[in-house]
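Structural overview
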Amino acid sequence: MPARSARRSLAVAIALALATVTPSLAGGDTVRPPGPPPANPDCRGTNQPVDRATELVHNVYRIGPHRAVTLPADLSWTEDPLHDHNWQFDLHGMRYVLDLLSATRLTGNAGFARRAVVLVRDWIADNPRRGAPSPWAWNDHTTALRALVLACVADQRGLPEWLRASLLLHGATLADPAFARREGNHALNQAIALLEVGRVVGRRDWTLLAGRRINDLIEASVDRQGVTNEQSVKYELFNYQRYVQARARMIAAGLAPSPAFRRIAKMPAFLANATLPNGQYEMLGDTVASPVVAIPHTAAEYAATRGTRGTRPTQTVARYGAGFLFARSGWGELRKPADETFLSVRWGDGQRFHGHPDGLALTMAAWGSRLVVDPGAYSYTPGPFRSFFKGRSAHNVVTVDGVPWNPAARTDLVNWHQDPVFVDLRLRTSGYPGVVQTRRITWLRGLDVVLVEDVLTSSTPRTYRQLWHLVDGSDPAVGASSVWTRRARGNVEIQQLTGKPTLRLVSGITSPVQGWISYHYGKKLQAPVAEAILRGRTVRYLTLIAVATGRPSPDVSGLRIRPSGYGMTITVGDRVERVATNGDSIWVVPLSEG
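Here goes a summary of the coordinates provided. (Residues numbered from 1 in each chain as written. Predicted model: local features only at pLDDT ≥ 70, side-chain atom pairs only at ≥ 80, totals over all residues. Heavy atoms only, no water.)

Some details on the nonpolar core
The criterion, for reference: Think of a nonpolar core as a cluster: buried Ala, Val, Leu, Ile, Met, Phe, Trp, Tyr and Cys residues, connected wherever their side-chain atoms sit within 4.5 Å. Summary of the burial criterion: residues with accessible area below 20% of their type's maximum are buried, those above 50% are exposed, and those between are partly exposed, where the area comes from a 1.4 Å probe applied to protein chains only. Think of it this way: any DSSP run of H or I at least four residues long counts as a helix, any run of E at least two long counts as a strand, and we number them from the N terminus. Contact between two residues is taken to exist if any of their heavy atoms lie within 4.5 Å; hydrogens are not considered.
Grouped together as the largest cluster of nonpolar side chains are 84 residues, with contacts concentrated most on Tyr 96 and Val 97. The biggest single contributor to this core is helix 8 (residues 184-201), with 10 residues. Once you skip the residues sitting within four places of it in the chain, Tyr 96 turns out to touch Leu 56, Tyr 61, Ile 63, Trp 77, Asp 90, Leu 91 and Leu 119. Grouped together as the second largest cluster of nonpolar side chains are 44 residues, Trp 367, Ala 409, Val 452 and Leu 534 included.

See below:
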């Protein structure tokens, strides 16, 4: 049959199928009691499968983190109503079909199942392996996610020849070494999909290949502390969930998981440590402000439930070799859990996967609020705002005007120390070519004060900008040497103790892009950024950051600046401490404990 005639026949079939779906939802089919949940969690839909499935019957697509859109009954598979790469990715990944399968099981209404079959058959007919109308059709990751959906359709609806042929094509594609990814969550989902396709079509060789790939991948992707190499808190959670699923599916297929799978048991502790006192994840890397997932019987459950369930963490300072430090004043012992002070520090390998160029960056939260923030991820679609959110100037670091940041540059932890009185880190990077930068971060636990010393050296004079991203709505003010926020509760003050930098506030500008925060995918808000500007061959910042419920009121006296360190006395309320540094050495002496 000529291609045009075949296409016309398929369109007629789709129209007829849709015409039979809608009446059935109004009562044309016998509704049966809900069936048992699928054994494979990858076959479950969203938390509202019947509502989502009903929308799909009426050509309304509410997929991923995106708003609902109405599309033609007969898709061309080139649709891009939101002009967003992630939306197109989700369209071709076809995970929305799982809501139709779940709704069929829950309601017994065959109309949902027919709609699922119509969508799948239409995709198969319109998207050949070569010459598909969209580059997302056979993307390395959409292929894996769609293959999992096809396997679920086969599990619930049987394996007619058209579906078997498509599963064989997907399996052959995923098995192809030239197509397979070797790293990251894409590789993991490819391997899980190949495992399921092999099971459904009876290709044991594919199942065995998938098992080998998964075992190799976990060795390379999750370190012995349970930290994924994707440099993102969100993707730490995603990888944890997917490796748990991979292990279960391997065992179901009669395969032996590698001993390295023991590492996934440590991942919930990382997620607990990366939890802000407000119960959301810190937005490091491509991470949104999502509530913490309460992983049962773990520290992550404790963090998510504010200590009502789960395993209480054993430490308030956690350092990870992959380049993360999380520290907090406590887990709700002396303050309300939401009021505890929290800080994070980043270093490690250059930018990979879902990481950002955030080596040396510091974030802080306290008294119920984010204070010094990482602005988040915003979007995966290329453009000026994606470049900003995934760029150096979106983080609490010192940038260099006119010099591009090298995303492959490593940031090294030179040394560190912790005790009950303070936590101290020294870091170093040469991410800006020709510029050597060191940063010392010292958290004085009893005072709730952080000292940050930045030294940058170049062979030619440069303009440097120390950046502090503040939470939206914080209403900051600028004085001669400090910036402070003016929220009703939960504030930060940033004092410049040396160098006399020029201070200014920036918010919501577009050329260059600066002063934005994104809590949810595709949405952004204006948020203030405090800039401290110095120029020279060698510049030095010594910055004090204090937090409090109202306006912080630290007092500094006896300040001495040395070539390789400093000394000062800091008073906060009735607490007084003397701090002195010299190279790697540091002394902190409490003079009064209040």
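Back to the write-up after that little detour.
A short note on unusual backbone geometry
Of the consecutive residues Ser 511 and Pro 512, the connecting peptide bond is found in the cis state with omega at -5°. Relative to the elements of secondary structure, Pro 512 occurs in the loop between strand 17 (509-510) and strand 18 (513-514). Positive phi, close to 60°, is recorded for Gln 231, a residue that is not glycine. By the element assignment, Gln 231 lies in the loop between helix 9 (204-221) and helix 10 (233-252). In this model, Phe 353 sits at a positive phi of 50°, which is unusual for a non-glycine residue. As for its position among the elements, Phe 353 is in the loop between strand 5 (342-346) and strand 6 (362-366). With relative accessibility at 26%, the residue Phe 353 sits in the partly exposed group.

Concerning the packing of helix 4 (residues 97-107) against helix 6 (residues 140-157)
Rule in force here: Only the stretch in contact is used when fitting a helix axis, every axis being a line fitted to C-alpha atoms; angles between N-to-C directions are given from 0 to 180 degrees. Should an angle fall under 35 degrees it is called roughly parallel, over 145 degrees roughly antiparallel, and 65 to 115 degrees roughly perpendicular, with every other angle called oblique. If you view the pair so one helix is near and one far, a crossing is left-handed when the near helix is turned anticlockwise from the far one by less than a right angle, and right-handed when it is turned clockwise. Only Asp, Glu, Lys and Arg are considered charged in this grouping, and only Ala, Val, Leu, Ile, Met, Phe, Trp, Tyr, Cys and Pro are considered nonpolar; every other residue, Gly among them, is considered polar.
Relative to each other, helix 4 and helix 6 sit at 20°, their axes nearing to 10 Å. Relative to helix 6, the element helix 4 is oriented roughly parallel. As for the relative orientation of helix 4 and helix 6, their crossing is left-handed in sense. Judged by residue contacts, Val 97, Leu 98, Leu 101, Thr 104 and Arg 105 of helix 4 engage Val 149, Cys 152, Val 153, Gln 156 and Arg 157 from helix 6. When its residues are assigned to classes, the contact of helix 4 with helix 6 shows 6 nonpolar, 2 polar and 2 charged.

Considerations on the environment of Glu 333
Let me state the cut-off plainly: In protein, a polar contact requires one atom able to donate a hydrogen and another able to accept it; more generally it is a pair of N or O atoms within 3.5 Å, and residues adjacent in sequence count only if both atoms are side-chain atoms.
For Glu 333, the location among the structural elements is in the loop between strand 4 (324-328) and strand 5. Separated by 26 residues in sequence, Glu 333 and Gly 307 have C-alpha atoms that sit 10.0 Å apart. Discounting chain neighbours no more than four positions away, the residues touching Glu 333 are Arg 312 and Glu 340. Here Arg 312 takes part through its side chain, which lies 2.4 Å from a polar atom of the side chain of Glu 333. Here the side chain of Glu 333 touches Trp 331 through a polar contact of 2.7 Å, landing on its backbone nitrogen.

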